[in-house]
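# Coordinates in review
Listed here are the chains, written in short residue letters.
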Amino acid sequence: MPLGTGNDLSRQYNWGKRFQKHMTQKSMVSAVVNADLVGLDRWRLLILPTSTLREDEKEFIPQIFSEKDSYDPNSERRSSLATLSKVAAMLGDEDADSKKGNKLVTQSSRPSTEYFDGLFCNYFSLGFDATVLLEFHKERTKHPEKFTSPLKNKLVYVEKSPIGVRAPKLRKRVQIFVNNKDGELVRLKIPRDTRDIILLNIQSYAGGNHLATKGSSDDGLIEVIFVSNLIRMVASAVVGPVVPYALFNVRAQTNRVVIKTKCPLHCQVDGEPWLQGEAMIQVSFHTRNAIL
């Protein structure tokens, strides 16, 4: 049910943009009973903070990224030696060989520092949109009295948006690789003016905005788009539904994305933002769940 501010998942599956009174009545129960069963891809997000890892722990990152999905015991996916070497090279060892790839990952070789290993359904992004969202969350924590309705929430979000204009360009701060059709990691070239990288699973973003030229929430693929600035994103959101060429081109559709950040940058997943230090980040297909 659409109980939040953006309600992107409920928009995606036609449950509404905002909560309404009729949703407390029997008609809502009837709607659930008669709803169609469809699929929703879920994605595993793994973040290893390289700035706090010991050098010997970094050697295990390629193997950790390529191991069997711990959430799915039936998964038999393994990356090839070439993929392991690619991840090792991203860590700064351009001469990585099979010896590192063959190291056994055990519980004792897991990172000693905190790392994130979880799931998401909607989207992950890195850049100015997460910067604005983090400021929004800070304001909501400091002044909860300002956030008493979806409309007021959106007004605060608009108020905080100008900070996104000052967000840094990402080309020299980030490396991004995606799986090709053969399951090998290939590097994506980041356009010079890119200030935001978005991985989209559903076609409703940040309160119902349709940003990309293609994509599906149940095809086992996530869409990668590059955004140059806040104004371009707003223009796409406003006129994209009626002027398709205003939408962002999808740079890749893939079942796996590996990102290396070279400095602290703002990230967000399904609307939850944070400041991420230097890290290796992987997004990979996890499972497909049934949803009404």
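Owing to the predicted nature of the structure, the values given are computational and were not obtained by experimental measurement.

### Let's talk about the pattern of salt bridges
- One pass over the structure, following the stated rule, counts 5 salt bridges.
- A salt bridge links Asp117 to Arg44; its shortest N-O distance comes to 2.7 Å. One end of the pair, Asp117, is in strand β2 (residues 116-120); the other, Arg44, is in strand β1 (residues 38-48), and 73 residues separate them in sequence.
- You can call Asp117 partly exposed: its relative accessible area is 24%.
- With relative accessibility at 4%, the residue Arg44 sits in the buried group.
- Lys138 is the partner of Glu135 in a salt bridge, and the nearest nitrogen-oxygen pair spans 3.7 Å.

### Brief notes about helix α7 (residues 128-142)
- Across its 15 residues, α7 extends 21 Å between first and last C-alpha, which sits within 8% of the 21 Å expected from 1.5 Å per residue.
- When α7 is considered as a whole, its buried residues turn out to be Phe128, Asp129, Ala130, Thr131, Val132, Leu133, Leu134, Phe136, His137 and Glu139.

### Comments concerning the packing of aromatic side chains
- As enumerated under the stated definition, the model contains 3 aromatic pairs in all.
- With centroids separated by 5.6 Å and ring planes inclined at 80 degrees, the aromatic side chains of Trp43 and Phe285 adopt a geometry described as edge-to-face. Within this pair, whereas Trp43 is found in strand β1, its partner Phe285 is found in strand β12 (residues 279-291), the two being separated by 242 residues in sequence.
- Relative accessible area serves as the criterion here: at 0%, Trp43 is assigned to the buried category.
- Ring geometry for Phe124 versus Trp274: centroids 6.5 Å apart, planes at 45 degrees, classification tilted.

### Points about the sheet that holds β12
- Taken together, 6 strands build an open sheet; the order of strands is β2-β1-β12-β9-β4-β5 and the sheet is antiparallel. Either end of the sheet is taken by a strand with one partner, and the two such strands are β2 and β5 (185-187). Strand-to-strand twist across the sheet, computed as the mean angle between neighbouring axes with direction ignored, equals 25 degrees.
- Bridge analysis of strand β4 (residues 174-179) against strand β9 (residues 256-261) gives 5 bridges, and the strand direction is antiparallel. Each residue of the ladder has a partner; that of Val174, found in β9, is Thr261.

### Re the side chain of Glu223
- Residue position: Glu223 is located in strand β7 (residues 222-227).
- Among buried charged residues, Glu223 stands out as having no salt bridge; its nearest opposite-charge side chain is Lys214, 7.8 Å away.
- In contact with Glu223, other than residues within four places in its own chain, are Ile198, Leu199, Leu200, Gln203, Lys214, Gly215, Ser216, Val250, Ala252 and Gln253.

### Focus on the environment of Ser228
- Examined against the element boundaries, Ser228 turns out to sit in the loop between β7 and α9 (230-239).
- The exposure class of Ser228 is partly exposed, given its relative accessible area of 24%.
- Counting along the chain gives 32 residues from Ser228 to Asp196, while the straight-line C-alpha distance between them is 6.6 Å.
- For Ser228, the contacting residues outside a window of four places in its chain are Asp193, Thr194 and Arg195.

### Remarks on the sheet that holds strand β6 (residues 196-200)
- As summarised here, the arrangement of the 6 strands in space is β8-β7-β6-β3-β10-β11, forming an open sheet in which the pairing is antiparallel. Of all the strands in the sheet, just β8 (252-254) and β11 (272-276) have a single pairing partner and so form its edges. The average angle at which neighbouring strand axes cross in this sheet is 20 degrees, direction not considered.

### A closer look at the nonpolar core
- Ranked by internal contacts, the top residues of the largest apolar core, which has 27 residues, are Phe124, Leu126, Ile176, Ile197, Val224 and Val257.
- Counting residues per element, the ones that place at least two in this core are β1, β3 (123-127), β4, β6, β7, β9, β10 (265-269) and β12.
- Not counting chain neighbours up to four residues away, the residues in contact with Ile197 comprise Phe124, Ser125, Leu126, Leu170, Val174, Ile176, Ile190, Val224, Ile225 and Phe226.
- Tyr123, Leu211, Leu230 and Val250 belong to the second largest nonpolar core, which has 14 residues in total.

Each value, and the rule that gives it
- Residues numbered from 1 in each chain as written.
- Predicted model: local features only at pLDDT ≥ 70, side-chain atom pairs only at ≥ 80, totals over all residues.
- Heavy atoms only, no water.
- Salt bridge = Lys/Arg side-chain N within 4 Å of Asp/Glu carboxyl O.
- Helix = DSSP H or I, 4+ residues; strand = E, 2+ residues; numbered from the N terminus.
- Buried < 20%, exposed > 50% of the residue type's maximum accessible area, 1.4 Å probe, protein only.
- Expected span 1.5 Å × (residues − 1).
- Phe/Tyr/Trp six-rings, centres within 6.5 Å; stacked < 30°, edge-to-face > 60°.
- Pairing = 2+ DSSP bridges.
- Axes fitted to C-alpha atoms, helices over the stretch in contact; angles between N-to-C directions.
- Lys, Arg positive; Asp, Glu negative; His and termini not counted.
- Contact = heavy atoms within 4.5 Å.
- Core = buried A, V, L, I, M, F, W, Y, C linked by side-chain atoms within 4.5 Å.

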